[in-house]
Amino acid sequence: MTCPKCGLQIDGTSGRCPFCHTEIGSREDSGRLPERAASPLLLIFAALLAAFSGLTIVIFAGFTFGYVLAGPQDSYVEAEDWYLEDEPSPFGPFLPVPMESQLIFSESGLSITADRLAVEDVWEPELSLTLSNDTDETVVFTAKAGSVNGFMNQMRIWQEIPPGQSAEGILVLDGYGLDLCGISTVRNLEVNFEILRGESQLPLLETGLLTVVTEAGEPPAPEAFPSRLLFQESGIRVSLLPIPPDSSVWQEDGPLILAENLTDQPVTLQAVHVMADGASTPASLYLEILPGCRAVEQLYLTRIYLTEDVALSAAFDAFDSSTGRRLLTTDMLPLNAPKPEADPIA
């Protein structure tokens, strides 16, 4: 037979291996290793692991059951209301202005009516719309591009309308963008809606630029403000603006850029190369500007803080947004902004 411990061939009649002195049972038991008793610590660990696993399952099941009962939409609405109630909006203040209800689009069984502009008790200004769908399929209303008082603004809406129904939709204006442009009164806005098919999310149609006018009246004559022209070429004018000391924009993050599109086509402007003290540094500036509109944005430096002793320069590219055709490429231009004196834009 074979010793179960050392594996050597032994007689097996003596009851002990002559080589490793292991106790040997009878021939019937010689093929099995002696059983070992389970460690008490191992049994305690196994019991604790089983108890923890059971408690985890119970907690997960409780949360799941509560989520199903409450519903995700209700939970979101309650959280949003609590946030708006306890946290004042960092944007504005914006002046309330009346406006008449205006049918701004009606085509192919789809229509959009602008009803009212809300600026109080909201996080950002909101334009209430009546969206009607008289087609035989579900559609989704989204905003593709827009401007307020001639300045580009990142408006947003996502409203699904079943076939044969109407519903209220909220077009939210970008409060940060309004503050950046010094806008406190919404006098007019332009927006291009893109309407999608509900199931596939594929484009169904674009409305083109639609205009909504409030009763705020004509703006006052613009006041002169310090700025420095960077370049004007191919119908595109780009200037540097000062950042007021009380602005929410951090001057250390980069200079403030004013871009004006004087052409009859949408253009895209971007900073393609930025240098600080003669060394390349990452930065971000990408603007899509509608015809006849302006845009204000900060050239955001991602890795350095801008101080007065930093020599900053940048090169810009501009494209026709519709065709992708390059309109211009500039040399490296110094970006020493003028000193702030007041809010640069009335």
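These remarks concern the structure in this document. (Residues numbered from 1 in each chain as written. Predicted model: local features only at pLDDT ≥ 70, side-chain atom pairs only at ≥ 80, totals over all residues. Heavy atoms only, no water.)

1. Considerations on the overall build of the chain
Link 1 in the chain: In terms of regular secondary structure, the chain is built from three helices and 21 strands.
Link 2 in the chain: Here the chain holds 346 residues, and 36% of them are scored as buried.
Link 3 in the chain: Here the contacts in the chain between residues at least 6 apart in sequence split such that 59% fall between residues at least 24 apart.
Link 4 in the chain: Of the roughly 20600 Å² that the chain leaves accessible, carbon and sulfur atoms contribute 55%. (Helix = DSSP H or I, 4+ residues; strand = E, 2+ residues; numbered from the N terminus. Buried < 20%, exposed > 50% of the residue type's maximum accessible area, 1.4 Å probe, protein only. Contact = heavy atoms within 4.5 Å. Areas by Shrake-Rupley, 256 points an atom, 1.4 Å probe, with all protein chains shown as cover.)

2. With respect to the pairing of strand E9 (residues 203-213)
Link 1 in the chain: Both strand E8 (residues 188-197) and E9 contribute to a ladder of eight bridges, which runs antiparallel. Bridge pairing in E9 places Glu-194 opposite Glu-206.
Link 2 in the chain: Following E8, the chain reverses through five residues before pairing antiparallel with E9; Gln-201 in that reversal takes a positive phi of roughly 65°. (Pairing = 2+ DSSP bridges.)

3. With respect to the sheet that holds strand E3 (residues 126-133)
Sheet strands pair by backbone hydrogen bonding; their relative direction is either parallel or antiparallel.
Link 1 in the chain: Here we have four strands laid out as an open sheet, ordered E1-E2-E3-E7, and antiparallel in their pairing. The sheet terminates laterally at strand E1 (102-107) and strand E7 (165-172), the two strands that pair on one side only. When strand polarity is set aside, the average angle formed by the axes of neighbouring strands in this sheet is 25°.
Link 2 in the chain: Of the pairings in the sheet, the one linking strand E2 (residues 110-118) to E3 comprises eight bridges and is antiparallel in character. Paired with Thr-113 across the strands is Thr-130, a residue of E3. (Axes fitted to C-alpha atoms, helices over the stretch in contact; angles between N-to-C directions.)

4. Some remarks on the nonpolar core
Link 1 in the chain: Residues Ile-112, Leu-127, Leu-129, Leu-189 and Phe-193 are the most contacted members of the largest nonpolar core, which totals 40 residues.
Link 2 in the chain: Every element with two or more residues in this core is listed here: E1, E2, E3, strand E4 (139-148), helix H3 (175-180), E8, E9 and strand E12 (256-261).
Link 3 in the chain: Aside from chain neighbours lying at most four places away, what touches Leu-189 is Leu-127, Ser-147, Val-148, Met-155, Leu-173, Leu-210, Thr-211 and Val-212.
Link 4 in the chain: In this structure, Leu-230, Ile-236, Ala-271 and Ala-276 belong to the second largest nonpolar core, which totals 31 residues. (Core = buried A, V, L, I, M, F, W, Y, C linked by side-chain atoms within 4.5 Å.)

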